[in-house]
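Descriptive analysis of the structure
The lines below spell out each chain.
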Amino acid sequence: MNTISSINTNRKLIQVFFICFSFLQCISVSAQADNFQVLINKIQQFSKPARILNKHIDATGNGPVEFTNAKKQVLRFRLKHHKLQIQHGGIAYQLFYYKNDYLEKIQTFDVNGKLAGEGESKNESGVVFIIEKPNLYLKKKELIDDAEGNIDLKDDTNEKIIRVQLYDENNMPIPEFQPTYISSKIYWNYNVRMYWP
């Protein structure tokens, strides 16, 4: 009789343990979601509600997180030891704007959600991409897509396929003496979010 009673007591203890463990996991996941919500709420330009698109956080709390929304925006940032990591030049966030699966604009922000310029470049906090020759870009894109990005294309900047307009921290265009063009491969890399500040 004591053996049966002891077994039942052990079963109950195990059940209680699993219930407590599950409860703690739920609290942990909820706290993590709340932490992310606090971080994404700092970027007013990012439309909410949002959902996680990609998350590659390791056991020590390091790695990138990407969120997306109904407007096809992608907000990304990196964590270091579970805290927002400041990238090069004080940049903490990147916001990507897409239309019909093509990247239209990138903006960069500091930890407080204010536009932050890339100091090592032209101090731009925004880049707008204008595809001036869409048919030609589509041909180049097909080649790059078929190679999954692993292709060395000849620099086609001189073909003036994709022009960029840079914006400062006040969201004003940075004056240029002549238009700035980038290669199809560089644009493709931006489009798939290959670069970090």
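The notes below deal with the structure included here. Nothing here was measured: the structure is a model prediction, and the numbers come from that model. (Residues numbered from 1 in each chain as written. Predicted model: local features only at pLDDT ≥ 70, side-chain atom pairs only at ≥ 80, totals over all residues. Heavy atoms only, no water.)

Considering the overall build of the protein
Quick note on the threshold: Note on conventions: DSSP H or I runs of at least 4 residues are helices, E runs of at least 2 residues are strands, and numbering of each starts at the N terminus. Residues are treated as being in contact if the distance between any of their heavy atoms lies within 4.5 Å. Computed by Shrake-Rupley with a 1.4 Å probe, the accessible areas treat only the displayed protein chains as cover when residues are assessed.
Scanning the protein from N- to C-terminus turns up 3 helices and 9 strands. Secondary structure of the protein in N-to-C order comes out as α-β-β-β-β-β-β-β-α-β-β-α. By sequence separation, contacts in the protein at least 24 residues apart represent 47% of the contacts at least 6 residues apart. Put simply, the protein shows about 12,700 Å² of open surface, and 55% of that area lies on carbon and sulfur atoms.

Some words on the pairing of strand β3 (residues 73-80)
In plain terms, the rule: Residue burial is assigned from relative accessible area. The probe radius is 1.4 Å, only protein chains are included, and a residue is buried under 20% of its type maximum, exposed over 50%, and partly exposed in between. Two strands are counted as paired when DSSP detects at least two bridges linking them.
With 6 of its 8 residues buried, β3 lies for the most part within the structure. As judged from the 6 bridges shared by strand β2 (residues 63-69) and β3, these two strands associate in the antiparallel manner. Pairing of G63 across the sheet is with L79, part of β3. Two successive antiparallel strands, β2 and β3, enclose a turn made up of 3 residues, where K72 displays a positive phi of approximately 65°. Examined bridge by bridge, β3 and strand β5 (residues 93-99) share 5 bridges and lie antiparallel to one another. Following the sheet pairing, R76 is matched in β5 by Q94. Relative to strand β4 (residues 83-84), β3 is paired through 2 bridges, and the arrangement is antiparallel. Of the residues in β4, the one forming a bridge with K80 is K83. A loop of 2 residues connects β3 with β4, the two strands running antiparallel in sequence, and H81 in this loop sits at a positive phi of about 55°.

Some details on the packing of helix α2 (residues 134-146) against helix α3 (residues 184-191)
Operational definition: In this analysis, axes come from line fits to C-alpha atoms, helices being fitted only over the stretch in contact, and the angle between any two N-to-C directions falls in the range 0 to 180 degrees. When describing relative orientation, an angle under 35 degrees is termed roughly parallel and one over 145 degrees roughly antiparallel, while 65 to 115 degrees is termed roughly perpendicular and anything else oblique. By definition, any crossing whose near helix is turned counterclockwise from its far helix by less than a right angle is left-handed, and any crossing with a clockwise turn is right-handed. For this classification, the nonpolar set comprises Ala, Val, Leu, Ile, Met, Phe, Trp, Tyr, Cys and Pro, the charged set comprises Asp, Glu, Lys and Arg, and every other residue, Gly included, is treated as polar.
Closest axis-to-axis distance for the α2/α3 pair is 10 Å, and the angle between their directions is 65°. In terms of axis orientation, α2 runs roughly perpendicular to α3. Crossing geometry of α2 relative to α3 is assigned as right-handed. Every residue of α3 that contacts α2 at Y137, K140, K141, I144 and D145 is listed here: S184, K185, Y187 and W188. Taken together, the residues of the contact of α2 with α3 break down into 4 nonpolar, 1 polar and 4 charged.

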